[in-house]
Amino acid sequence: MSSVILASASTDLARRVRLASGDNLFVLAPEQVPTGPAQLLGLSNGTGPVQAVMLDVTGEGSPDGSLGLAERFQEQFPHIAVLLVTDRPNELGLSALRAGVRDLVEPGLPIDEIRWVLLRAIEANSAATADGQKATPEASGRVITVASPKGGVGKTTLATNLAVGLAQESPNGTVLVDLDIQFGDVAAALDLDPEYTLADAVHGAGLRDVTGLKTLLTKHRTGLHVLCGVKSPVEGDEITAEHVNTILGLLISEFRYVVIDTAPGMGPHTLAALDHTTDLVLTASLDVPSVRGLRKEMELLDELELPPATRHVAVNMVDRGGGLSLADVEATIGRKVDFAIPRSSKVMASTNRGRPILEDRGRDKVSKDLEQLVSRFRPTTVRKSGLSWSSRHRGAAS
Ligand SMILES: Nc1ncnc2c1ncn2[C@@H]1O[C@H](COP(=O)(O)OP(=O)(O)OP(=O)(O)O)[C@@H](O)[C@H]1O
Ligand SMILES: [Mg+2]
């Protein structure tokens, strides 16, 4: 069986769960449990891939902290089954179900029954996550990098709309990083006045742990978290690819969606981001230099030994005026165009106002096309809920 995390003060329960899980167990006291799933998984690092988390709320105390954690697991790591150990199944059943708890476990359960309950929960969870999203880290944590060979083609526009769109589904699970190190303008595109920027993140607490780094993020009005770019190009000089590597590693451990805006071309910071990227949105505008650049960039990417990322081609500022068609683009790059975003004065107005188009869910074409881009990354999960109280008296909760 894969690893199990148990949060409980009971050494007897820990002994039984250890035997039930074939010694693949990480135990911690309830008061040591962090509020974030990623931090909890970080603590158990080294015990192998975690498939189940058991939270013991036996007794009279409030289960709210554990239910909140279960909810965040469901949102950020849906492939991990959360079970609640409780002697109050009738009282807690409904709120546990709502929080995404997979099963309730009676505290005195014998070893063989615990084993069975764990296997059943893990199995049911995989089946449910397989319905709408793959039970892999790829599904639960996506790192989406928006890049282009040429400047001014709409990277920031796409990255900010993508991030705002994903934040509507997962406000606390989405972070946008401005990796246009010298001339980043994500803050302006979102009308943010950040207290801290990437320049602060490469000093002190920012690089040590994700808790420190999170204090340097700016919260957008949609709930989206943003690591804003430096305020002057000079500040960008001290940011290295290694810094980028560390920062992204920390953010990935905490956020379900990490969206990255980049500078034009394939500079060292963008290459560092590509090492973490699960989805690369390659952007070009509908003109010959941009499309040629895109083809060269794709050839370069083929030559580089980078971790595999799914490529999505987005052609922006599509209109009929320039004499180039999407079919011409496809013939030049030798693959299909995934997204075509029309040229629209609404986009420029939204940039100037600092309010991404998708904040207002319009019915016009450009809003719909941007929404389609977001849906590519948004899982459509149909959760099969199956909650029962696993005890010697099965059915007692019903
Ligand atoms: N579909 C569109 N229709 C009309 N204008 C657009 C469209 N997409 C982007 N723009 C405008 O083009 C300008 C450049 O866009 P954006 O800043 O997103 O490009 P970029 O690739 O990030 O540029 P840079 O390489 O300089 O960072 C902005 O003023 C933006 O409003
Ligand atoms: Mg930009």
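Everything numeric in this text was worked out from a predicted model, so none of it was measured.

Undergrad: Got a minute to help me understand the domain arrangement of the protein chain in this structure?
TA: By a frequent convention, interface size equals the accessible area lost on bringing the separate parts together. Here the domain parsing of the protein chain yields domain 1 (3–133 + 381–390) and domain 2 (137–375). One C-alpha centre belongs to domain 1, the other to domain 2; they are set 35 Å apart. The interface of domain 1 with domain 2 comprises 8 residues on the first partner and 10 residues on the second. At the boundary of domain 1 and domain 2, one finds 0 salt bridges. In this assembly, domain 1 and domain 2 are joined by 2 residue pairs in polar contact (both at pLDDT 80 or more). Where the side of domain 1 that touches domain 2 is concerned, the elements lending two or more residues are helix 2 (37–43) and helix 3 (64–76). In terms of residue class, the side of domain 1 that touches domain 2 is built from 3 nonpolar, 4 polar and 1 charged.

Undergrad: What is the right way to read the sheet that holds strand 12 (residues 310–318) from this model?
TA: Whether parallel or antiparallel, the strands of a sheet pair through hydrogen bonds between backbone atoms. Taken in spatial order, the 8 strands of this open sheet run 8-9-7-10-6-11-12-13, and their pairing is mixed. Each edge of the open sheet carries a strand with a single partner, namely strand 8 (218–219) and strand 13 (339–342). Along the sheet face, helix 7 (residues 155–169) touches strand 6 (142–147), strand 7 (174–179), strand 10 (257–262), strand 11 (279–285), strand 12 and strand 13 and points at about 165° away from the line of strand 10. Packing of helix 13 (residues 241–254) onto the sheet brings it into contact with strand 6, strand 7, strand 9 (225–227) and strand 10, and relative to strand 7 it is tilted by some 170°.

Undergrad: Would you explain the nonpolar core in this entry?
TA: The nonpolar side chains of soluble globular proteins are, as a tendency, buried together. Formed by 31 residues in total, the largest nonpolar core has its most connected members in Leu 162, Leu 166, Leu 176, Leu 190 and Leu 224. Counting only elements with at least two residues in this core, the list comes to strand 6, helix 7, helix 8 (186–189), strand 10, strand 13 and helix 18 (365–375). At 7 residues, helix 7 tops the list of elements feeding residues into this core. Once you skip the residues sitting within four places of it in the chain, Leu 166 turns out to touch Ile 144, Thr 174, Tyr 257, Val 259, Val 374, Phe 377 and Arg 378. Leu 179, Leu 217, Leu 250 and Leu 251 belong to the second largest nonpolar core, which has 26 residues in total.

Undergrad: Where do I start with the site of ligand 1 in this structure?
TA: Close to ligand 1 lie 17 residues, the nearest being Lys 155, Thr 156, Thr 157, Asn 316 and Thr 351. Take Gly 154: an N or O atom from its main chain is 2.9 Å from an oxygen atom of ligand 1. A distance of 2.8 Å is found between an oxygen atom of ligand 1 and a side-chain nitrogen or oxygen belonging to Thr 156. At the level of secondary structure, the elements contributing two or more residues to the shell around ligand 1 comprise helix 7, strand 12 and helix 17 (345–353). The residue inventory of the shell around ligand 1, partitioned by class, reads 6 nonpolar, 8 polar and 3 charged.

Undergrad: So what exactly am I meant to see when it comes to the pattern of salt bridges here?
TA: Proximity of charged atoms lets side chains of opposite charge pair with each other. Applying the stated criterion to the full structure yields 18 salt bridges. A salt bridge links Asp 338 to Lys 336, with the shortest nitrogen-to-oxygen separation between them at 2.7 Å. Since its relative accessible area comes to 16%, Asp 338 is described here as buried. Through salt bridges with shared partners, a single network forms among Arg 221, Arg 355, Glu 359 and Asp 360.

Undergrad: Help me understand a positive patch on the surface, please; the structure alone is not making it clear to me.
TA: Together, Lys 150, Arg 292, Arg 295 and Lys 296 make up a region of like positive charge exposed at the surface. Here Lys 296 is to be found in helix 15 (residues 288–303). Overall, the relative accessible area of 55% leaves Lys 296 in the exposed class.

Undergrad: Sorry, what's going on with unusual backbone geometry here?
TA: Generally, phi is negative for residues other than glycine and the peptide bonds are trans, each holding for most cases. Positioned with a positive phi, Asp 23 is a non-glycine residue whose angle comes to about 70°. For Asp 191, which is not glycine, the phi dihedral falls at a positive 55°. Looking at the secondary structure, you find Asp 191 in the loop between helix 8 and helix 9 (198–201).

Undergrad: Help me understand helix 18, please; the structure alone is not making it clear to me.
TA: Regarding helix 18, the residues found buried are Val 366, Ser 367, Asp 369, Leu 370, Glu 371, Leu 373 and Val 374. On its buried face, helix 18 sits against helix 7, strand 13 and helix 17.

Undergrad: Help me understand the pairing of strand 12, please; the structure alone is not making it clear to me.
TA: Successive residues of a regular strand alternate their side chains across the two faces of the sheet. Across 7 bridges, the pairing between strand 11 and strand 12 is parallel. Paired with Thr 283 across the two strands is Ala 314, which belongs to strand 12. Once you follow strand 11 into helix 15 and on to strand 12, the crossover reads as right-handed. Bridging between strand 12 and strand 13 involves 3 bridges; their strand directions are parallel. Looking across to strand 13, one finds that Val 315 is bridged to Ala 340. The handedness of the strand 12 to strand 13 crossover, carried by helix 16 (residues 326–333), is right-handed.

Cut-off values and rules
Residues numbered from 1 in each chain as written. Chains lettered and ligands numbered in written order. Predicted model: local features only at pLDDT ≥ 70, side-chain atom pairs only at ≥ 80, totals over all residues. Heavy atoms only, no water. Domains from an automatic or database assignment. Contact = heavy atoms within 4.5 Å. Salt bridge = Lys/Arg side-chain N within 4 Å of Asp/Glu carboxyl O. Polar contact = N/O pair within 3.5 Å; in protein donor to acceptor, adjacent residues only side chain to side chain. Helix = DSSP H or I, 4+ residues; strand = E, 2+ residues; numbered from the N terminus. Nonpolar A, V, L, I, M, F, W, Y, C, P; charged D, E, K, R; others polar. Pairing = 2+ DSSP bridges. Axes fitted to C-alpha atoms, helices over the stretch in contact; angles between N-to-C directions. Core = buried A, V, L, I, M, F, W, Y, C linked by side-chain atoms within 4.5 Å. Buried < 20%, exposed > 50% of the residue type's maximum accessible area, 1.4 Å probe, protein only. Near = heavy atom within 4 Å. Patch = residues over 30% accessible without salt bridge, like charges linked within 9 Å, V, L, I, M, F, W, Y side chains within 5 Å. Areas by Shrake-Rupley, 256 points an atom, 1.4 Å probe, with all protein chains shown as cover. Lys, Arg positive; Asp, Glu negative; His and termini not counted. Charge placed at Lys NZ, Arg CZ, Asp CG, Glu CD. Right-handed = clockwise from strand over helix to strand, strands pointing away.

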